[in-house]
Amino acid sequence: MTESRAVDLVLEGGGVKGVALLGAVLTLSDAGHHFPRIAGTSVGALVGVLVAAYQKAGRDLHDLRDALDAVDFRRFADGSGLQRALGPIGDGISLLLHDGMHPGGYLEEWLTPLLADAGVHTFSDLRITDDPGTSLEPYQRYHMVAMVTDLSRRVSVRLPWDYDQYGLDADQQPVAPAVHASMAVPFYFRPVQVETSRGTCTWVDGGVLDNFPVTVFDRTDRAAERWPTWGVKLSAEPDADRPDRPVRGPLDLVKACLGTVTNEDAGRYRLAEEGVGRRTVYIDTTGIGSLDFDLTAADRQRLFDAGRRAADQFLELQRS
């Protein structure tokens, strides 16, 4: 492929709806595009790192469809036998004891060997070694960036870019735990505790502060972009007609916080006015929630097809 067909990608978070992200990415790839740099939040980080790893290994991206189809989404809501037997009560006890209802360990169990098979273990395996004309600093030159939220320092963290802020060598850090942190939805999954040079920091889902970091690769030196950055959102284009309602009571507040973290429409205001809409693929995933881990085969196909259709429509607009 020629460099003119290069496109950087930014993939929004959205739990099980990541199947739709893959549908969109494969459609863009089939149209002749490749992706030198990818940023993602939560499941966007998961799909992004797999695409980055498979590209670097020269693997067929279509193989990722089988990889995602093999995921047992129900295992993301893992827990002890006692917890499962107690149902909501068990979830509540786990939340009180561990700051999250589910460990979330299945993700790394599934992702680590998949990345290893593509030759990716640490972020050094995703370093960009030849990138003439870039405006990114050396610490930013990686094929993949995962967005994480640091609750201890109350900041958005870009991995591997910001590992040095924690006294850690980015190249030596394993990739799968970074994706795990990016997907650690507060309350639902246990936070990821990170030992630093100054103590311990608590990391959770990047969507708490930045679910759609579409400007992350924009040039900062005022030079012309070498190629575009396109975003993929797991929601239809903004609809201003929804009714407003207040949040009242502690339980409603917790529910609203969790819903906000997993809401693909968050941070959507003025996207069109700021030019973001023109470079964004909007996938309509209405009817499927981010934490609907009981997806049927038909649900997965519907999500994948929705991603395909949205990317086709986006490419048609780019050509017009």
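These figures come from a predicted structure and were not determined experimentally. (Residues numbered from 1 in each chain as written. Predicted model: local features only at pLDDT ≥ 70, side-chain atom pairs only at ≥ 80, totals over all residues. Heavy atoms only, no water.)

A. How the structure looks around the nonpolar core. Counting 91 residues, the largest nonpolar core has L9, F35, L46, L50, W110, W203 and I283 as its most contacted members. For this core, the leading source of residues is helix α2 (residues 43-57), giving 10 residues. (Core = buried A, V, L, I, M, F, W, Y, C linked by side-chain atoms within 4.5 Å. Buried < 20%, exposed > 50% of the residue type's maximum accessible area, 1.4 Å probe, protein only. Helix = DSSP H or I, 4+ residues; strand = E, 2+ residues; numbered from the N terminus.)

B. Representation of the packing of aromatic side chains in the model. Taken as a whole and assessed by the stated rule, the structure comprises 9 aromatic pairs. With 5.8 Å between their ring centres and 35 degrees between their planes, Y188 and F293 make a pair best called tilted. Of this pair, Y188 sits in strand β6 (residues 187-189) while F293 sits in the loop between β10 (280-282) and α9 (297-319), and the two are 105 residues apart along the sequence. The pair Y188 / F293 is uniform in exposure class, with both members buried. Taken together, the aromatic side chains of F123, Y142, Y163, Y166 and W203 make up a single cluster linked through ring pairs. The ring of Y54 carries the charged tip of R59 above its face, separated from the ring centre by 4.4 Å. (Phe/Tyr/Trp six-rings, centres within 6.5 Å; stacked < 30°, edge-to-face > 60°. Lys NZ or Arg CZ within 6 Å of the ring centre and 35° of its normal.)

C. Examining unusual backbone geometry more closely. Put simply, L159 and P160 share a cis peptide bond, and its omega is 15 degrees. Take P160: it is sitting in the loop between β5 (155-159) and α7 (175-182). The backbone of R222 sits at a positive phi, close to 70 degrees, despite the residue not being glycine.

D. Representation of a nonpolar patch on the surface. Residues I89, I93 and L97 make up a contiguous nonpolar surface patch of about 320 Å² in total accessible area. Within the secondary structure, I89 is located in helix α5 (residues 88-98). The class of I89 is exposed, set by a relative accessible area of 58%. (Patch = residues over 30% accessible without salt bridge, like charges linked within 9 Å, V, L, I, M, F, W, Y side chains within 5 Å. Areas by Shrake-Rupley, 256 points an atom, 1.4 Å probe, with all protein chains shown as cover. Salt bridge = Lys/Arg side-chain N within 4 Å of Asp/Glu carboxyl O.)

E. Broad picture of the side chain of T280. Structurally, the position occupied by T280 is in strand β10. Taking the relative accessible area as the measure of exposure, T280 reaches 3% and is therefore buried. Beyond its immediate stretch of four places on either side in the chain, T280 contacts F212, G231, K233 and F314. (Contact = heavy atoms within 4.5 Å.)

F. The pairing of strand β8 (residues 199-205), seen in detail. Burial within β8 is extensive, with 5 of its 7 residues counted as buried. Alignment of strand β4 (residues 144-150) against β8, held across 3 bridges, turns out to be antiparallel. From the neighbouring strand, T149 faces β8, where its bridge partner is V204. Relative to β8, strand β7 (residues 192-196) is paired through 5 bridges, and the arrangement is antiparallel. Each residue of the ladder has a partner; that of E195, found in β8, is T200. (Pairing = 2+ DSSP bridges.)

G. How the structure looks around the environment of T122. Tracing the backbone through its elements, the reader meets T122 in the loop between α6 (105-117) and β4. In this structure, the C-alpha to C-alpha distance between T122 and P160, residues 38 residues apart in sequence, is 9.8 Å. Ignoring any residue separated from it by four or fewer positions in sequence, one finds T122 in contact with D171, Q172, Q173, P174 and V175. Of the polar contacts made by the side chain of T122, one reaches the side chain of S124; its length is 2.7 Å. Of note is the side chain of T122, whose polar atom sits 3.0 Å from the backbone oxygen of D171. (Polar contact = N/O pair within 3.5 Å; in protein donor to acceptor, adjacent residues only side chain to side chain.)

H. Looking closely at the environment of Y166. With respect to the secondary-structure elements, Y166 resides in the loop between β5 and α7. What makes Y166 buried here is its relative accessible area of 2%. Spatially, the C-alpha atoms of Y166 and V194 are 8.8 Å apart, while their sequence positions differ by 28 residues.

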